[in-house]
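Here's the letter readout for the chains.
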Amino acid sequence: GEDVEQSLFLSVREGDSSVINCTYTDSSSTYLYWYKQEPGAGLQLLTYIFSNMDMKQDQRLTVLLNKKDKHLSLRIADTQTGDSAIYFCAESIAGNMLTFGGGTRLMVKP
Amino acid sequence: GAVVSQHPSWVICKSGTSVKIECRSLDFQATTMFWYRQFPKQSLMLMATSNEGSKATYEQGVEKDKFLINHASLTLSTLTVTSAHPEDSSFYICSARRVAGSPLHFGNGTRLTVT
């Protein structure tokens, strides 16, 4: 079955880099996603990576995928207080529904 | 692009009444919409998958007669919580995608409080 796991909490100082990690179990994943959820809001798609890619960079965001270890990470450069939120990784298999991790709460200290 | 609008943002209702939540894809046609429920400080739990023009597919443990889903057009899906009870109080979030394999885009969620 599918299982996506994330650490619960990460605290960083403003200006530092944040790295949020995620592991998944299903090797047939086609896409892997990172979503951001601010308090009381829905999920905002940050970025996604196709399973045949190793890395994707989009401005301050860098996604690394280690398919052998089934490990996905999201690096946020120059983290700002506005980046404080819950970050969910998710996998989809053959374009079907997403399986979400439990979310990582990122706290950015000024 | 890829904006999903969910309405209302929050609703308070009395026990026994029904509440309808709308999910609209504003700038794309969504062949599939998904309804999720999120409890405080928890991840999202998929309730049902809704394909335009057909009956929704409900996840195990979700009562289809309690959570009525209609997906009558490619831009609108509705979730009706019938005879709501306090334990139905939760954050409900919809999402939509153009076609299989395309990313999911989420609405801003509806916070339902049943008194």
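For the structure, see preceding data.
I will try to describe carefully the structure that is included in this document. (Residues numbered from 1 in each chain as written. Chains lettered and ligands numbered in written order. Predicted model: local features only at pLDDT ≥ 70, side-chain atom pairs only at ≥ 80, totals over all residues. Heavy atoms only, no water.)

1. Observations regarding the interface of chain A and chain B
- In this complex, chain A contributes 19 residues to the contact, which on the side of chain B involves 23 residues.
- Summed over both sides, the interface between chain A and chain B buries roughly 1400 Å², with carbon and sulfur atoms accounting for 59% of that surface.
- There are zero salt bridges connecting chain A and chain B.
- Run the count over chain A and chain B and you get four residue pairs in polar contact (both at pLDDT 80 or more).
- Of all the elements, strand 4 (residues 29-37) of chain A adds the most residues to the side of chain A that touches chain B, at four residues. (Contact = heavy atoms within 4.5 Å. Buried area = accessible area lost by both parts, 1.4 Å probe. Salt bridge = Lys/Arg side-chain N within 4 Å of Asp/Glu carboxyl O. Polar contact = N/O pair within 3.5 Å; in protein donor to acceptor, adjacent residues only side chain to side chain. Helix = DSSP H or I, 4+ residues; strand = E, 2+ residues; numbered from the N terminus.)

2. Notes on the nonpolar core
- Core analysis: the biggest nonpolar cluster contains 25 residues, and W35, F67, L79, Y92 and L112 of chain B have the highest contact counts within it.
- Elements supplying a minimum of two residues to this core: strand 2 (10-13), strand 3 (19-25), strand 4 (32-38), strand 5 (44-51), strand 7 (67-73), strand 8 (76-81), strand 9 (90-97) and strand 11 (110-114) of chain B.
- Setting aside residues up to four positions removed in sequence, F67 of chain B forms contacts with R37, M47, Y58, V62, L79, T80, V81, D88 and Y92 of chain B.
- Membership of the second largest hydrophobic core comes to 20 residues, among which are W34, V63, Y87 and V108 of chain A. (Core = buried A, V, L, I, M, F, W, Y, C linked by side-chain atoms within 4.5 Å. Buried < 20%, exposed > 50% of the residue type's maximum accessible area, 1.4 Å probe, protein only.)

3. Overview of the packing of aromatic side chains
- Taken as a whole and assessed by the stated rule, the structure comprises 12 aromatic pairs over all chains.
- Ring plane angle 45° and centroid distance 5.7 Å describe the contact between Y36 of chain B and F106 of chain B, whose orientation is recorded as tilted. Here F106 of chain B lies in strand 10 (residues 105-106) and Y36 of chain B lies in strand 4, a separation of 70 residues in the sequence. We note that Y36 of chain B, like F106 of chain B, is buried.
- In this structure, K56 of chain A packs its charged tip against the face of Y48 of chain A, placed 4.4 Å from the ring centre. (Phe/Tyr/Trp six-rings, centres within 6.5 Å; stacked < 30°, edge-to-face > 60°. Lys NZ or Arg CZ within 6 Å of the ring centre and 35° of its normal.)

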